[in-house]
Amino acid sequence: MVSGRDERAVQRGDGAAIAQPTLAGAGRDKLARTKSPSYALRAWRRFKRNRLSLVSMVIFLIMILFSYGAPLISKYVTKTGFGDQNLQATFAPAGKTISAIQIGGPNSGKTVTTKYILGADELGRDVLTRLAYGGRISLTVSFLTLAIALTVGLLIGALAGYYGGWVDTILMRLVDVFISIPGLFVLILVSTTINNNKLITGTSFYRTSGWLVLPFVIAILSWTGISRLIRGEFLSLKSRDYVEAARVLGSTDGRIIVRHILPNVVPIIIVWATLAIPGLILTEAALSYLSFGVQIPTPSWGNMLTNSTQYFSRSPGLVVLPGALIFITTMAVNLMGNGLRDALDPRLND
Amino acid sequence: MGTFLIRRILQCFPLLIGITLFVFLLINAVPGNPVGDLALNPGTRPEDVARIKAQLGLDQPLYKRYFIWVGNVLRGDLGKSMVSFRDVRTEIGNRLPNTIKLTVAAFVLSLLFSIPIGIYSAIKRNSIFDYVSTVTSVAGVSIPNFWLALMLILFFAVRLRWLPSGGTQDIGGGGLSDQLKHVIMPAFALAFVQLAGWTRYIRGQMLEVIRQDYIRTARAKGLREGVVIFRHAFRNALLPLVTLFGLSIPQFFSGALIIETIFSWPGIGRLTFDAAVSRDYTMIMGTVLLSSTMVVLGNLLADVAYGLLDPRIKQG
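Residues numbered from 1 in each chain as written. Chains lettered and ligands numbered in written order. Predicted model: local features only at pLDDT ≥ 70, side-chain atom pairs only at ≥ 80, totals over all residues.

Novice: What's the story with the overall build of chain B in this structure? I'm lost.
Specialist: Tallying secondary structure elements over chain B gives 13 helices and zero strands in all. Each helix (α) and strand (β) of chain B, taken in turn from the N terminus, gives the series α-α-α-α-α-α-α-α-α-α-α-α-α. Dimensions of chain B along its principal axes, counting C-alpha atoms only, are 90 × 55 × 35 Å. Counting every position in chain B, which comprises 316 residues, the buried fraction comes to 35%. (Helix = DSSP H or I, 4+ residues; strand = E, 2+ residues; numbered from the N terminus. Buried ≥ 20, exposed ≤ 12 C-beta atoms within 10 Å, placed from the backbone.)

Following this line, the structure appears as structure tokens:
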């Protein structure tokens with residue numbers, strides 16, 4: 001019987017799925033000599049076939065370039081910093097050029113002309129510059145959260161799945177607890193306790209880069225998904241023959257986990273990580289919007305919305321733009337992740 | 001069914017204990033305490049600090065404080081607000097009906113849209129409708145719900161002036177149409193994410209079920225397509241949905257927190273937000289505990305419903 005996945009592969013004209021039977025008979029020794037394309041290459045070929053995912057990936061890359069190119073944008077395109085206020089330019093509409101005498105700073109007393117490509121906010125700060133810097137913070141927070149959540153989730157999932165028994169029971173009950181508490185409630189609670197703890201807020205580290213605390217806060221709730229997934233995979237992989245063989249050869253548990261089982265779950269980790277990014281971006285944005293995340297004056301896509309809502313009727317663009325960037329980014333990553341899942345799924349037989 | 005029910009109910013207890021431990025440790029095990037700030041004041045005498053500590057019960061060891069707190073919670077005493085000094089339980093009790101109203105409205109909206117759209121996309125697989133609904137679903141899970149809420153306000157309240165931008169009813173109002181007018185926007189903003197996820201899930205389930213042999217048999221018998229889809233296919237696709245509904249409860253609560261804040265909806269989400277802003281720890285502990293307990297109970301209910309609906313579990 002043709003399974004659903006094979007069927008899909010055939011429908012999409014997957015060459016490999018059709019060609020396989022003919023290879024079985026003819027030129028077997030020839031096949032042995034020609035190097036078959038690597039797993040990554042085959043996955044990339046499958047991924048390329050999905051136009052929507054490919055376009056999404058390009059959009060996501062553009063967003064990354066835009067965000068991490070923030071200093072360049074600030075220096076060469078908008079020629080203002082993300083914190084530069086100009087009270088003569090408050091609520092400047094998009095595309096407006098305003099000349100103003102600078103007070104303070106290196107150009108004090110000189111007339112500086114600024115073109116506000118996407119307008120200016122309530123303090124006359126350039127929106128485009130802030131969007132780029134905001135994106136940099138939002139994406140960095142999400143990536144860091146992902147790294148922390150992956151490390152914790154992998155460790156816990158691997159331990160639970162590999163050792164089973166009471167280790168598994170305790171760790172998985174722990175996961176159940178974390179899943180049962182509505183996310184934002186806990187995040188707000190944790191954020192409040194941290195941001196009001198004198199021992200933490202008193203440090204110079206907190207004052208200069210307090211937003212770096214945020215990834216750790218969000219990660220508290222983000223590791224559960226991957227740990228469950230990894231546990232399931234380890235559970236099924238640990239009794240495979242090749243693992244048994246490694247054990248017979250005297251490999252230690254650590255070596256079996258890292259060298260023999262882990263490489264087999266890499267595709268799953270990649271797919272999960274990609275599909276987790278949108279959620280993390282949304283969580284950061286929601287927390288920052290509620291003013292429990294990235295604190296002003298550091299801009300993030302989320303906290304740019306917080307103040308703007310007061311000027312709804314006056315300057316709707318201030319509300320529309322940051323949210324639209326969040327939306328575009330998360331949508332692109334989601335679509336890209338879907339494509340990746342189809343391309344990397346190890347059970348897709350080709 | 002009896003043993004299944006008992007085992008399932010017993011499973012809730014370690015979970016609830018874990019939740020209380022987590023919430024308690026979060027507030028109490030972090031270094032520094034409310035009295036610590038006070039002690040920084042040079043005018044405070046050490047004996048005053050000791051007295052206040054004793055009053056708040058902070059002189060007791062951590063584990064003792066936990067048991068005292070849990071004992072109080074079990075007796076229904078959630079403590080007093082650190083800001084308004086009102087009873088946390090009464091405050092929550094006043095707000096809870098509003099959150100339930102909003103969540104139920106969102107739940108109904110999600111069902112009303114996701115089921116027909118999901119089924120139709122599955123039947124008309126790879127059609128334009130299916131394509132549009134799939135892309136909309138991805139958009140639905142990608143859109144920041146607070147931004148969606150703001151856009152709805154911008155469009156329907158600020159531009160068109162059709163709907164009120166917040167509150168549960170007009171002053172002096174309170175009729176059914178007035179209440180509906182107030183609930184529709186927050187409910188939709190809250191429902192949209194779930195709706196998108198459910199639609200995709202229902203579509204997937206239906207596709208899975210439609211491929212089964214008994215559907216082919218039903219068609220071969222000459223049954224009308226409507227009967228095949230609803231009586232034979234959807235009934236079976238519905239089963240895993242019950243679990244999904246249970247799993248969606250935490251998301252509804254998290255969503256309610258932000259949506260209630262935006263729409264000035266006086267529910268427990270808004271209460272939590274205000275409490276967090278004013279650092280009202282007892283209040284937050286109360287709302288976190290309540291919402292988590294409701295999640296646990298909701299999941300229990302979903303599992304029991306699954307057991308009742310699926311005869312295979314009833315026998316086993």
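Structure's up, so let's keep going.
Novice: How should the overall build of chain A be read in this particular structure?
Specialist: When its secondary structure is counted, chain A shows 17 helices and two strands. Residue burial in chain A is summarised as follows: out of 350 residues, 41% are buried. Partitioning the contacts of chain A with sequence separation of at least 6, the portion at a separation of at least 24 is 72%. (Contact = placed C-beta atoms within 7 Å.)

Novice: Explanation requested: helix α6 (residues 128-142) of chain B in the structure shown.
Specialist: Turn by turn, an α-helix covers 3.6 residues, leaving residues three or four places apart pointing in a common direction. Here α6(B) is 15 residues long and its end C-alpha atoms lie 21 Å apart, about the 21 Å a rise of 1.5 Å per residue gives. Buried within α6(B) we find B:Ser133, B:Ser137, B:Val138, B:Gly140, B:Val141 and B:Ser142. Buried residues belonging to α6(B) abut α15 (253-289) and α17 (317-344) of chain A together with α5 (88-123) and α8 (176-210) of chain B. (Expected span 1.5 Å × (residues − 1).)

Novice: Looking at this structure, how should I read the environment of A:Asp126?
Specialist: Residues and elements named next belong to chain A. Within the secondary structure, aspartate 126 sits in the loop between β2 (111-116) and α7 (127-163). Taking C-alpha positions, aspartate 126 is 31 Å from threonine 192, a pair spaced 66 residues apart along the chain. In this view, aspartate 126 contacts Thr78, Thr80, Thr114, Tyr116 and Ala120; residues no more than four positions away in its chain are not counted.

Novice: What is the right way to look at helix α14 (residues 241-248) of chain A in this model?
Specialist: The buried count for α14(A) comes to zero of eight residues, which makes it a mostly uncovered element. Remark: A:Gly250 follows α14(A) within two positions and exhibits a positive phi of approximately 95 degrees.

Novice: Sorry if this is basic, but what is going on with the interface of chain A and chain B here?
Specialist: Where interface size is quoted, it is often the accessible area lost as the parts come together. Listed per partner, the contact involves 39 residues of chain A and 40 residues of chain B. Contributing elements (two or more residues each) for the side of chain A that touches chain B: α8 (165-180), α9 (183-195), α10 (198-201), α15 and α17 of chain A. No other element matches α9(A), which puts nine residues into the side of chain A that touches chain B.

Novice: Honestly, the pairing of strand β1 (residues 96-101) of chain A in this entry has me stumped. Any pointers?
Specialist: The side chains of a regular strand alternate, first on one face of the sheet and then on the other. Residues and elements named next belong to chain A. Burial analysis of β1 places just zero of its six residues in the buried class, a small minority of the element. By the bridge criterion, six bridges tie β1 to β2 in an arrangement that is antiparallel. Looking across to β2, one finds that threonine 97 is bridged to lysine 115. (Pairing = 2+ DSSP bridges.)

Novice: How should I be thinking about the environment of B:Asn145 in this particular structure?
Specialist: Residues and elements named next belong to chain B. Residue position: asparagine 145 is located in helix α7 (residues 145-159). For asparagine 145, a count of 23 C-beta atoms within 10 Å translates into the label buried. When the C-alpha atoms of asparagine 145 and asparagine 98 are compared, they prove to be 19 Å apart, with 47 residues separating the residues in sequence. Not counting the four nearest positions on each side in its chain, asparagine 145 is found in contact with Ala189, Phe192, Val193, Gly255, Ile258 and Ile259.

Novice: Can you help me understand the packing of α9(A) against helix α12 (residues 213-222) of chain A in this one?
Specialist: To characterise two packed helices, one gives the angle between the axes of the helices and the distance between these axes. All names here are of chain A. Put simply, α9 and α12 touch, their axes get as near as 9 Å, and they point 145 degrees apart. The element α9 and its partner α12 pack so that their crossing is right-handed. Packed against α9, whose contacting residues are Gly183, Val186, Leu187, Val190, Ser191 and Ile194, the element α12 presents Val213, Val217, Ile218, Ile220 and Leu221 at the interface. Each residue belonging to the contact of α9 with α12 can be placed in one class, and the counts come to nine nonpolar, two polar and no charged. (Axes fitted to C-alpha atoms, helices over the stretch in contact; angles between N-to-C directions. Left-handed = near helix turned anticlockwise from the far one by under 90°. Nonpolar A, V, L, I, M, F, W, Y, C, P; charged D, E, K, R; others polar.)

Novice: Just checking my understanding: could you explain the confidence of the model for chain A for this structure?
Specialist: Caution applies to low-pLDDT regions: their predicted coordinates should not be interpreted in detail. Per-residue confidence for chain A gives a mean pLDDT of 81; residues scoring 70 or more make up 87%. For the stretch residues 1-28 of chain A, pLDDT sits under 50, and the model shows 17 contacts to residues farther than four places along the chain or on other chains. (pLDDT = per-residue confidence, 0-100.)

Novice: How do you make sense of the packing of α8(B) against helix α10 (residues 225-262) of chain B when you look at a structure like this?
Specialist: All names here are of chain B. α10 packs onto α8 with a crossing angle of 155 degrees between their chain directions and a minimal axis gap of 9 Å. As the angle between them shows, α8 and α10 are arranged roughly antiparallel. In this structure, α8 meets α10 at a crossing whose hand is right-handed. Residue-level contacts link Pro186, Ala189, Leu190, Val193, Gln194, Trp198, Tyr201, Ile202, Gln205, Met206, Val209 and Ile210 of α8 to Ala233, Asn236, Ala237, Pro240, Leu241, Leu244, Ser248, Gln251, Phe252, Gly255, Ala256 and Ile259 of α10. (Parallel < 35°, antiparallel > 145°, perpendicular 65-115°, else oblique.)

Novice: Even after reading the chapter, I still don't get unusual backbone geometry, so can you show me in this structure?
Specialist: Residues and elements named next belong to chain B. Phi is positive for serine 264, close to 45 degrees, though the residue is something other than glycine. Structurally, serine 264 is set in the loop between α10 and α11 (268-277). Its identity as a non-glycine residue notwithstanding, arginine 279 has a phi of 55 degrees, on the positive side. By the secondary structure assignment, arginine 279 is in the loop between α11 and α12 (281-309). On the basis of neighbour count, arginine 279 is assigned to the partly exposed category, with 15 C-beta atoms found within 10 Å.

Novice: What should I look at first to understand the environment of A:Ile256 in this one?
Specialist: All names here are of chain A. Relative to the elements of secondary structure, isoleucine 256 occurs in helix α15. Taking the C-alpha atoms as reference points, isoleucine 256 and leucine 118, 138 residues apart in sequence, are found 55 Å from one another. With sequence-adjacent residues up to four places away left out, isoleucine 256 is seen in contact with Val243, Ala246, Arg247, Ser251 and Ile261.

Novice: What exactly am I supposed to notice about the confidence of the model for chain B here?
Specialist: All names here are of chain B. Looking at chain B, the pLDDT average stands at 84 and 94% of residues meet or exceed 70. Across chain B, element-level confidence peaks in α5 with a mean pLDDT of 91 and bottoms out in helix α13 (residues 311-315) with 62. With pTM at 0.84, the complex prediction returns an ipTM value of 0.85.

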